[in-house]
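Structure assessment
As a plain string of letters, each chain reads:
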Amino acid sequence: MTESVRDAATVILVRDPAGRPSVLMGQRGNGAVFMPSKFVFPGGAVDPGDAHVPMARPLNGLCAARLKAGPEAPAPATLAATAIRELWEETGQVLGSPRQWRRTPPDGWAGFAGTGHLPSPQPLRFVFRAITPPGRPRRFDARFFLADAAHLATDPDNFSAASDELAHLAWVPIAEARELDLPFITAVVLAEVAARLPALDPPESVPFFRNDDEQSLFLRLGGARP
C-alpha cells in the first residue's frame, strides 16, 4: 500500500543576515510521532482553511511559478498561507500587515485574525522542497520558505503567544545551529541557506529531494532566473 504524503510548508526566518545571522528554531517533544526531540524550523501540514485566506500582498511571482507542481498540488498561495499560519501557531510571530478581516476567518485562522493582521507572503522566498522517505511514521511533501525576520509585525523575542508544540524557541546563530540534533533534511536546508547569506532572494534553482518507493532523486526546480 502506498503511504500517504501530506503537503506541508516550513519557514526559515533569518535575523541579521548581513551581520551575525541566526535562525528561529524550536525542539519537538520527545513523545512526538514525527521527529521526536529534534530541533526544527516552524512548519506543518496544509489545512483546508489555508486555501481560503485573504492576503495583504501576493507571493513573489518567481516563487509562485516554481511552486506549481501539478493539478493536485495546493496552490502557491495556499502553501504560503500554511507557512504563515504554522509560524504563528508554533512561535506566536506574525508575518502580515495591519488590516481587518472582512469576513469570518477560516478554521485555524481565528487567532491570527485576532492580532489585527492579514497574512502577507510577499517576504517569503521558496528555497527548498523535500519529500519524506518511505517507511517513516508520517510523510510530508515540504516546501521551505526563507524570510528576513525584519519583516515580522511582532517582537521577534516575544514567544508568549506560541503553542506548546515546539519547546526552547530561540534565535540560534547558524554556526551553533549546525551542532544541534537536527533532522537530516533540516541540516541540508540550513547549509544551503548559510552558503547563500546574506542573499535572501530566490535561488537560481530550487533543490528538490524527491523520495518515492522506487528511488531517491536530487532535482532542481525552475532553472535559471530569466
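This section reports on the structure supplied with the text.

Cut-offs applied
- Residues numbered from 1 in each chain as written.
- Predicted model: local features only at pLDDT ≥ 70, side-chain atom pairs only at ≥ 80, totals over all residues.
- Heavy atoms only, no water.
- Helix = DSSP H or I, 4+ residues; strand = E, 2+ residues; numbered from the N terminus.
- Rg over C-alpha atoms; globule rule 2.2 N^0.38 Å.
- Contact = heavy atoms within 4.5 Å.
- Expected span 1.5 Å × (residues − 1).
- Buried < 20%, exposed > 50% of the residue type's maximum accessible area, 1.4 Å probe, protein only.
- Phe/Tyr/Trp six-rings, centres within 6.5 Å; stacked < 30°, edge-to-face > 60°.
- Lys NZ or Arg CZ within 6 Å of the ring centre and 35° of its normal.
- Salt bridge = Lys/Arg side-chain N within 4 Å of Asp/Glu carboxyl O.

Turning next to the overall build of the protein. The helix and strand tally for the protein stands at 5 helices and 11 strands. On C-alpha atoms alone, the protein measures out to a radius of gyration of 17 Å, which is about the 17 Å that the 2.2 N^0.38 rule sets for 226 residues. Sequence-distant contacts in the protein: of pairs separated by 6 or more residues, those separated by 24 or more amount to 69%.

Further remarks concern helix α2 (residues 76-91). For α2, built from 16 residues, the straight-helix expectation of 22 Å at 1.5 Å per residue is met to within 8% by its first-to-last C-alpha distance of 23 Å. Counting buried residues in α2 gives 14 out of 16 residues, a clear majority hidden from the surface. Looking one or two places after α2, you find G92, whose phi comes out positive at around 80°.

Right, let's get into the packing of aromatic side chains. Taken as a whole and assessed by the stated rule, the structure comprises 7 aromatic pairs. Considering the side-chain rings of W109 and F112, the 5.3 Å spacing of their centres and the 70° angle between planes classify their relative orientation as edge-to-face. Taken individually, W109 and F112 each receive the classification buried, so the pair is uniform in this respect. Taken together, the ring pairs in this structure connect W88, W101, W109 and F112 into an aromatic cluster. For R129, the ring lying beneath its charged end belongs to F208, and the centroid distance is 4.3 Å.

Opposite charge on two side chains allows them to pair when their charged atoms are near. Per the counting criterion, the structure on display carries 11 salt bridges. Where D7 meets R143, a salt bridge forms, and the shortest distance between an N and an O atom there is 2.6 Å. Here R143 lies in strand β8 (residues 139-148) and D7 lies in strand β1 (residues 5-15), a separation of 136 residues in the sequence. As a salt-bridge pair, R143 and D141 come within 3.6 Å of each other at their nearest N and O atoms. As far as burial versus exposure is concerned, R143 and D141 are alike and both buried. Each of D47, D50, R85, E86 and E89 takes part in a single network of salt bridges with overlapping partners.

Everything listed is a geometric property; what it means functionally is a separate question.
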